[in-house]
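Listed below, chain by chain, are the residues.
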Amino acid sequence: MAIDEALLQNVESDWPIVIRVYRWERPTLSLGHFQRIDDRIEHPLLRELPWVRRKTGGGAIVHDQELTYSVLIPTRDDNPAKGHSEPLYRAIHSAFVEKLRSLGWNAELSESCTCSTSEGRNTDPFLCFLRRSPVDIIIGDDKILGSAQRRSARGLLQHGSFLLRRSQCTPGLNGLLDTKKKSTSLKNLRDDWIADASNHAACDTLSEDEMNGWCELAISTLKAGMSKRVEVNWKNGRLSDLI
Amino acid sequence: MSITPEKLKYCNSHEWAYVADVSTGIATIGISAFAVEELTDLVFMALPKVGQTVTAGGEFGEVESVKAVSPMYSPVSGTVVDIHSALVDKLETLTVDPYNEGWIIKVKMSDPTELDRLLDWETYKKQCSH
């Protein structure tokens, strides 16, 4: 996540759009940019977790059985991030909804909002996955993907968290694989690893292969979502090519 | 007297500056109605401290809308002499009246000629329409 911050600080107008998908070595709490670290005291299961502060806004996330993504968009004339935040959220989240629906999940974009502008930020739940913002991805009552942004004169950074399975640190928050599919028919499934993940819903943790499979799905879905906003010739790159 | 947007000078990044009395060298700074609309629902604002120096084009604070954090850039250089601390707890003021009750900081300018580099209302309006 520090790499994302470094990329935003150094981004130049001639850089490509950068997509990153990553996991964390150990369960870690990331706070939204303006959140108070003291607020985690009210959540006993979160007190002992290592924590970081994101440059992006929103609520706290437990990075455990999830994938974190970042999208960096340099500021330039064809900037697909210009203006409201919502179109970029919608483009990426809609791509995830399409993908998940094709795999049998009844995913949809949230229309509700827990945010309060009249009473201040303290009325919002501490955890991102307990909040609801327009275009969050939900399945029934469960939020399984949320995103947040930071804008600067040089570019825009969007972070997101794709919750795959409930964490022991937040046992009340279901991940994608803890939710039921709308249909038991798997004929739309093209990837064996997804079928495996679904059939082993009682497992507490995802295997390396499963995680890697979800990583690949997240990357291809992010590319599809971004391609709705701007034409991009994607290629695998190295961070050392940029900074 | 009410400040109207035609009387202000603007940055490309949507902050405005207004000098009520040139002899004081103090500029009042805020963000435009266009910026407030683009940001949508504002939930948090971080302001500088009185006495802090700011530079033209440099960040003086941050504002968080619903899950997007954006910096605010100073139109002029100088020293912060006043901050609108009550605004932080009543950000909806920016939606209602961004040019009067929604002022954010006041800066004692170190170089008032920097105002000449800012956009006038007509130019700023054109930029926003693109």
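Owing to the predicted nature of the structure, the values given are computational and were not obtained by experimental measurement.

Engineer: Give a detailed account of the interface of chain A and chain B, specifying residues and quantitative values.
Structural biologist: Reports of interface size often rely on the accessible area that becomes lost once the parts have come together. Counting from both sides, the interface comprises 27 residues of chain A and, opposite them, 20 residues of chain B. Interface area, chain A with chain B, both sides summed: about 1,900 Å², of which 53% is carbon and sulfur. Inspection of the region where chain A meets chain B yields 1 salt bridge. A salt bridge links A:Arg150 to B:Glu62; its shortest N-O distance comes to 2.4 Å. For the pair chain A and chain B, the interface holds 6 residue pairs in polar contact (both at pLDDT 80 or more). Here the side of chain A that touches chain B takes 7 residues from strand 8 (residues 142-151) of chain A, the largest share from any one element. Looking at the side of chain A that touches chain B residue by residue, the class counts come to 5 nonpolar, 15 polar and 7 charged. As paired elements, strand 8 of chain A and strand 7 (residues 68-73) of chain B share 2 bridges and run parallel to each other. Across the sheet, the residue bridging to A:Gln149 is B:Ala68, located in strand 7 of chain B.

Engineer: Account for the sheet that holds strand 5 (residues 53-54) of chain B, with residues named and values stated.
Structural biologist: Residue and element names in this part refer to chain B. One open sheet holds the 6 strands; their spatial order is 1-2-3-9-8-5, and the pairing between them is antiparallel. Each having just a single partner strand, strand 1 (9-10) and strand 5 make up the two edges of the open sheet. When strand 1 meets strand 2 (residues 15-18), the two strands line up antiparallel, connected through 2 bridges. Considered in strand 2, the bridge of Lys9 is made with Ala17.

Engineer: Explain the sheet that holds strand 2 (residues 28-31) of chain A to me, using residue names and the numbers behind them.
Structural biologist: All names here are of chain A. Spatially, 3-2-4 is the arrangement adopted by the 3 strands of the open sheet, whose pairing is mixed. Looking at which strands have only one partner, the edges of the open sheet turn out to be strand 3 (51-53) and strand 4 (61-63). When strand polarity is set aside, the average angle formed by the axes of neighbouring strands in this sheet is 30°. Alignment of strand 2 against strand 4, held across 3 bridges, turns out to be antiparallel. Across the sheet, the residue bridging to Ser30 is Ile61, located in strand 4.

Engineer: Talk me through the environment of A:Arg54; I want residue IDs and the actual numbers.
Structural biologist: All names here are of chain A. Within the secondary structure layout, Arg54 lies in the loop between strand 3 and strand 4. Arg54 sits in the buried class, given a relative accessible area of 3%. In contact with Arg54, not counting residues within four places along its chain, are Met1, Ser30, Leu31, Gly32, His33, Gly59, Ala60, Ile61 and His159. At 2.8 Å, the side chain of Arg54 and the side chain of Ser30 are in polar contact. At 3.2 Å, the side chain of Arg54 and the side chain of Thr56 are in polar contact.

Engineer: Talk me through helix 4 (residues 208-227) of chain A; I want residue IDs and the actual numbers.
Structural biologist: Its 20 residues give helix 4 of chain A an end-to-end C-alpha distance of 29 Å, which sits within 8% of 28 Å, the value for a rise of 1.5 Å per residue. When we look at burial in helix 4 of chain A, the residues that qualify are A:Glu210, A:Met211, A:Gly213, A:Trp214, A:Cys215, A:Leu217, A:Ala218, A:Thr221, A:Leu222, A:Gly225 and A:Met226.

Engineer: Which residues make up the side chain of A:Ser30, and what are the values?
Structural biologist: All names here are of chain A. When you line up the elements, Ser30 lands in strand 2. You can call Ser30 buried: its relative accessible area is 0%. Beyond its immediate chain neighbours, meaning those up to four positions away, Ser30 contacts Met1, Val52, Arg54, Gly59, Ala60, Ile61 and His63.

Engineer: I'd love a proper account of the packing of aromatic side chains, names of residues and values included.
Structural biologist: Considering all chains together, one arrives at 9 aromatic pairs over all chains under this definition. Measuring from ring centre to ring centre gives 5.3 Å for A:Phe96 and A:Phe162, while their planes differ by 65°; the resulting arrangement is edge-to-face. Of this pair, A:Phe96 sits in helix 2 (residues 86-102) while A:Phe162 sits in strand 9 (residues 155-163), and the two are 66 residues apart along the sequence. Looking at A:Phe162, the relative accessible area reads 2%, which means it is buried. Ring pairing ties together the aromatic residues A:Phe96, A:Trp105, A:Phe162 and A:Trp214, which thus form one cluster. Across the ring face of A:Phe129, the terminal group of A:Lys143 is positioned such that the distance to the ring centre comes to 5.7 Å. Positioned over the ring face of B:Trp103 is B:Lys106, at 4.8 Å from the centre of the ring.

Engineer: Lay out the confidence of the model for chain B with the relevant residues and their values.
Structural biologist: Averaged over all residues, the pLDDT of chain B is 94; the fraction at 70 or higher stands at 98%. As a predicted assembly, this complex carries a pTM of 0.86 together with an ipTM value of 0.82.

Engineer: So what's going on with the pattern of salt bridges? Residues and values would help.
Structural biologist: All names here are of chain A. All chains considered together, the criterion is met by 13 salt bridges over all chains. Its salt-bridge partner being Glu208, residue Arg23 comes within 2.9 Å of it at the nearest N-O pair. Placement of the pair is Arg23 in the loop between strand 1 (18-22) and strand 2 and Glu208 in helix 4, with a sequence separation of 185 residues. For Arg23, a relative accessible area of 33% translates into the label partly exposed.

Criteria and cut-off values
Residues numbered from 1 in each chain as written. Chains lettered and ligands numbered in written order. Predicted model: local features only at pLDDT ≥ 70, side-chain atom pairs only at ≥ 80, totals over all residues. Heavy atoms only, no water. Contact = heavy atoms within 4.5 Å. Buried area = accessible area lost by both parts, 1.4 Å probe. Salt bridge = Lys/Arg side-chain N within 4 Å of Asp/Glu carboxyl O. Polar contact = N/O pair within 3.5 Å; in protein donor to acceptor, adjacent residues only side chain to side chain. Helix = DSSP H or I, 4+ residues; strand = E, 2+ residues; numbered from the N terminus. Nonpolar A, V, L, I, M, F, W, Y, C, P; charged D, E, K, R; others polar. Pairing = 2+ DSSP bridges. Axes fitted to C-alpha atoms, helices over the stretch in contact; angles between N-to-C directions. Buried < 20%, exposed > 50% of the residue type's maximum accessible area, 1.4 Å probe, protein only. Expected span 1.5 Å × (residues − 1). Phe/Tyr/Trp six-rings, centres within 6.5 Å; stacked < 30°, edge-to-face > 60°. Lys NZ or Arg CZ within 6 Å of the ring centre and 35° of its normal. pLDDT = per-residue confidence, 0-100.

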